[in-house]
Amino acid sequence: MDAVESSVPEGLSVAREEVTDADLQALGVNLERDFPGSTAADFRRYPVLSEGGWFTVVKHQKTLESVSRETGPLLGPIILTSDGLDVY
């Protein structure tokens, strides 16, 4: 049987950063109590857009329960080429 090629182009994607045990402890998450059977590998940090703007969240990927939500960058994952330039 021949391999089937997808005609759907790859879209934009946002990297979902891994979270460590130390990160979860700093957020007040007790894995045994709050997410029995889960490990730090089950959590990711990434930007989301809501009616309040962009936020950086840490979510349990199996249940999508948020364990942290902080105000994110104004444009979310979009990085302008002019960011970091000092114009006098």
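For the structure, see preceding data.
The structure contained in this document is the topic of the report that follows. The model shown is predicted, which means the values in this text are computed figures rather than measured ones.

1. What to know about the overall build of the protein chain
- For the protein chain, the helix and strand inventory stands at two helices and four strands.
- From first element to last, N terminus to C terminus, the protein chain shows the α and β order β-α-α-β-β-β.
- Looking at the protein chain as a whole, 20% of its 88 residues qualify as buried.
- Nonlocal contacts in the protein chain, meaning residues at least 24 apart in sequence, comprise 29% of its contacts between residues at least 6 apart.

2. Digging into a nonpolar patch on the surface
- Judged by side-chain polarity, Leu-74, Leu-75, Ile-78 and Leu-80 come together as a nonpolar surface patch covering roughly 410 Å² of accessible area.
- Of note, Leu-75 is situated in the segment after β4 (65-71).

3. Comments concerning the pattern of salt bridges
- Under the definition given, this model contains three salt bridges.
- With its nearest N and O atoms 4.0 Å apart, the salt bridge here joins Arg-45 to Asp-23. Residue Arg-45 is found in strand β2 (residues 43-50), and its partner Asp-23 is found in helix α1 (residues 21-26); the two are separated by 22 residues along the sequence.
- Arg-33 is paired through a salt bridge with Asp-34; the nearest N and O atoms lie 2.8 Å apart.

4. Looking at the sheet that holds strand β1 (residues 17-18)
- Reading across from one edge, β1-β2-β3-β4 is the order of the four strands in this open sheet, with antiparallel pairing throughout. Looking at strand neighbours, the two that pair on one side only are β1 and β4, the edges of this open sheet.
- Note that strand β3 (residues 53-60) and β4 share six bridges and pair antiparallel. Paired with Lys-59 across the strands is Ser-66, a residue of β4.

5. Considerations on the pairing of β3
- Pairing of β2 with β3 involves eight bridges; the strand directions are antiparallel. Counterpart to Arg-44 in the pairing with β3 is Lys-59.
- Between β3 and β4, which pair antiparallel and follow one another directly, the connecting turn spans four residues, one of which, Leu-64, has a positive phi of 60 degrees.

6. A short note on the nonpolar core
- Val-19, Leu-24, Val-29, Leu-31, Phe-35, Ala-40, Phe-43 and Val-58 together form the largest nonpolar core, which totals eight residues.
- What Leu-31 contacts, discounting residues up to four positions off in sequence, is Asp-21, Leu-24, Pro-36, Ser-38, Thr-39, Ala-40 and Phe-43.

7. Looking at the environment of Phe-35
- Relative to the helices and strands, Phe-35 is located in the loop between α2 (31-34) and β2.
- Taking the C-alpha atoms as reference points, Phe-35 and Thr-63, separated by 28 residues in sequence, lie 9.8 Å from one another.
- With near-sequence residues (within four places) excluded, Phe-35 lies in contact with Val-29, Asn-30, Phe-43, His-60, Thr-63, Glu-65 and Val-67.

8. Looking at the side chain of Lys-59
- With respect to the helices and strands, Lys-59 occurs in strand β3.
- Put simply, Lys-59 is tucked away with no salt bridge, and the nearest opposite charge, on Glu-65, sits 10.0 Å away.
- Within the structure, the side chain of Lys-59 is placed 3.5 Å from the side chain of Ser-66, a separation counted as a polar contact.
- Excluding its chain neighbours within four sequence positions, the residues that come into contact with Lys-59 are Asp-42, Phe-43, Arg-44, Tyr-46, Leu-64, Glu-65 and Ser-66.

What counts, and at which threshold
Residues numbered from 1 in each chain as written. Predicted model: local features only at pLDDT ≥ 70, side-chain atom pairs only at ≥ 80, totals over all residues. Heavy atoms only, no water. Helix = DSSP H or I, 4+ residues; strand = E, 2+ residues; numbered from the N terminus. Buried < 20%, exposed > 50% of the residue type's maximum accessible area, 1.4 Å probe, protein only. Contact = heavy atoms within 4.5 Å. Patch = residues over 30% accessible without salt bridge, like charges linked within 9 Å, V, L, I, M, F, W, Y side chains within 5 Å. Areas by Shrake-Rupley, 256 points an atom, 1.4 Å probe, with all protein chains shown as cover. Salt bridge = Lys/Arg side-chain N within 4 Å of Asp/Glu carboxyl O. Pairing = 2+ DSSP bridges. Core = buried A, V, L, I, M, F, W, Y, C linked by side-chain atoms within 4.5 Å. Lys, Arg positive; Asp, Glu negative; His and termini not counted. Polar contact = N/O pair within 3.5 Å; in protein donor to acceptor, adjacent residues only side chain to side chain.

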